[in-house]
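A look at the structure
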Amino acid sequence: MKTTAMSVDGARKSKLLERENPWLEAIRMFARNKSAVLALIVLAIVVVGSLLMPYIYPADPFEIAAAPMTPPFSEDAWLGTDFLGRDVLRMLLHGGRVTILVGAVAAALSITIGIIVGALSGFYEGRWISTVLSKVTEFFQVLPALLFAMVVTSLFTPSLVTVTIAIGIVSWTATARLTRAEFLKLRNIDFVRAERAIGAKNGRIIWQVILPNALPPLVVSATLAIGSAILFEAGLSFLGLGDPNEMSWGLMIGSSRTYILSNWWAVTFPGLAIFLVVLSISLIGDGLNDAFNPKLRER
């Protein structure tokens with residue numbers, strides 16, 4: 001009887017610990033979302049395949065493979081060739097690495113800038129630094145993001161670095177506003193006041209006390225920012241402002257846009273790839289949003 005009682009008490013304690021840990025509850029809620037889990041699996045397959053493809057299939061994506069505009073499901077090219085005779089499948093597999101890499105790095109840059117600006121603006125609300133950062137955020141927010149990215153890219157030689165930086169510096173305002181709102185909500189809460197009472201410096205309170213508690217909505221925002229950055233990269237490459245020496249899905253669509261009626265497969269397949277990846281990221285973001293929502297966890 002004592003052993004049974006101890007096991008029951010241990011199970012209750014473990015359940016209480018899990019309930020007290022919001023991250024475990026979030027993982028459990030995310031796992032219940034079948035569409036989000038499926039999207040995560042699809043995205044993982046695409047990412048791993050794109051990263052490993054240069055080693056598995058090392059052929060040059062710019063190399064001529066067959067006659068121009070060879071239709072799909074032919075012996076020389078499974079997905080056909082573009083107007084220059086380049087293998088669409090080879091371009092698609094190699095282009096995913098560049099598109100996803102630029103999207104992820106640009107999103108990381110955007111999130112970093114947004115968190116720094118939003119955290120300082122929210123924590124120092126009422127001071128001059130908050131006023132300045134809020135005005136800077138408003139200035140960038142009213143600018144047409146794609147147009148501004150085109151201007152930044154055009155000022156320098158088009159490359160993966162310039163495209164990534166351009167996307168990062170025009171898409172951080174949403175994260176900054178979200179971070180600011182979270183800091184305004186948390187900066188006067190009891191555990192923050194306790195840190196101030198024991199003499200903690202502002203740097204510790206901002207980055208080690210408030211920020212970890214503001215992370216759940218920022219994680220969702222970071223996920224959605226990757227999809228937005230991928231669309232930005234595709235748009236810039238479509239307009240001819242991407243790196244012409246690196247194959248990407250946007251470059252595939254942009255280079256074949258004038259042949260869309262006679263060479264539809266060269267545009268359709270990279271378009272479907274972008275759609276699949278961005279849709280997967282969006283579903284993952286929805287799953288994370290539901291997982292970190294305390295009202296849904298209580299059901």
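Attention now goes to a nonpolar patch on the surface. On the surface, Val48, Leu51, Leu52, Tyr55 and Ile56 cluster together to form a nonpolar patch covering roughly 560 Å² of accessible area. Assignment of secondary structure puts Leu51 in helix H3 (residues 34-56). Overall, Leu51 belongs to the partly exposed group, its relative accessible area being 46%.

For the rest of this paragraph, the subject is unusual backbone geometry. Although it is not a glycine, Met69 adopts a positive phi angle of roughly 60°. Along the chain, Met69 falls in the loop between H3 and helix H4 (88-123). The exposure class assigned to Met69 is partly exposed, which follows from its relative accessible area of 27%. Phi is positive for Phe73, which is not a glycine, with a value near 65°. Inspection of the secondary structure puts Phe73 in the loop between H3 and H4.

Here the focus is helix H8 (residues 173-186). For H8, built from 14 residues, the straight-helix expectation of 20 Å at 1.5 Å per residue is met to within 8% by its first-to-last C-alpha distance of 20 Å. Along its buried surface, H8 packs onto H4, helix H5 (128-142), helix H9 (190-197) and helix H10 (202-238).

So, on to the nonpolar core. If you look at the biggest cluster of nonpolar residues, it comprises 34 residues, and the most contacted ones within it are Val88, Leu92, Trp249, Met252 and Val277. Elements with a contribution of two residues or more to this core: helix H2 (22-32), H3, H4, H10, helix H11 (249-255) and helix H12 (265-291). Here the element with the most residues in this core is H12; it accounts for 12 residues. Setting aside chain neighbours within four positions, we find Val88 in contact with Leu79, Gly80, Thr81, Asp82, Met252, Trp265, Ala266 and Phe269. With 31 residues, the next largest nonpolar core counts Ile115, Val170, Val209 and Ile210 among its residues.

Once that is clear, we can look at the confidence of the model for the protein. Do not read the fine detail of predicted coordinates wherever pLDDT is low. Model confidence for the protein is summarised by a mean pLDDT of 84, while 90% of its residues fall at 70 or above. Mean pLDDT per element in the protein: helix H1 (residues 2-20) is the minimum at 47, and H8 is the maximum at 91. Ignoring residues within four places in sequence, the model shows residues 1-8, a span with pLDDT below 50, making zero contacts including any to other chains. A low-confidence stretch, residues 13-18 stays under pLDDT 50, and its non-local contacts, those more than four residues away or across chains, total three contacts.

A few words now on the packing of aromatic side chains. Tallied over the entire structure, the rule returns seven aromatic pairs. Measuring from ring centre to ring centre gives 5.6 Å for Phe139 and Phe140, while their planes differ by 90°; the resulting arrangement is edge-to-face. Each residue in the set Phe139, Phe140, Phe148 and Trp172 is aromatic and connected to the rest through ring pairs, giving one cluster. Positioned over the ring face of Phe238 is Arg257, at 5.3 Å from the centre of the ring.

Conventions we followed
Residues numbered from 1 in each chain as written. Predicted model: local features only at pLDDT ≥ 70, side-chain atom pairs only at ≥ 80, totals over all residues. Heavy atoms only, no water. Patch = residues over 30% accessible without salt bridge, like charges linked within 9 Å, V, L, I, M, F, W, Y side chains within 5 Å. Areas by Shrake-Rupley, 256 points an atom, 1.4 Å probe, with all protein chains shown as cover. Salt bridge = Lys/Arg side-chain N within 4 Å of Asp/Glu carboxyl O. Helix = DSSP H or I, 4+ residues; strand = E, 2+ residues; numbered from the N terminus. Buried < 20%, exposed > 50% of the residue type's maximum accessible area, 1.4 Å probe, protein only. Expected span 1.5 Å × (residues − 1). Contact = heavy atoms within 4.5 Å. Core = buried A, V, L, I, M, F, W, Y, C linked by side-chain atoms within 4.5 Å. pLDDT = per-residue confidence, 0-100. Phe/Tyr/Trp six-rings, centres within 6.5 Å; stacked < 30°, edge-to-face > 60°. Lys NZ or Arg CZ within 6 Å of the ring centre and 35° of its normal.

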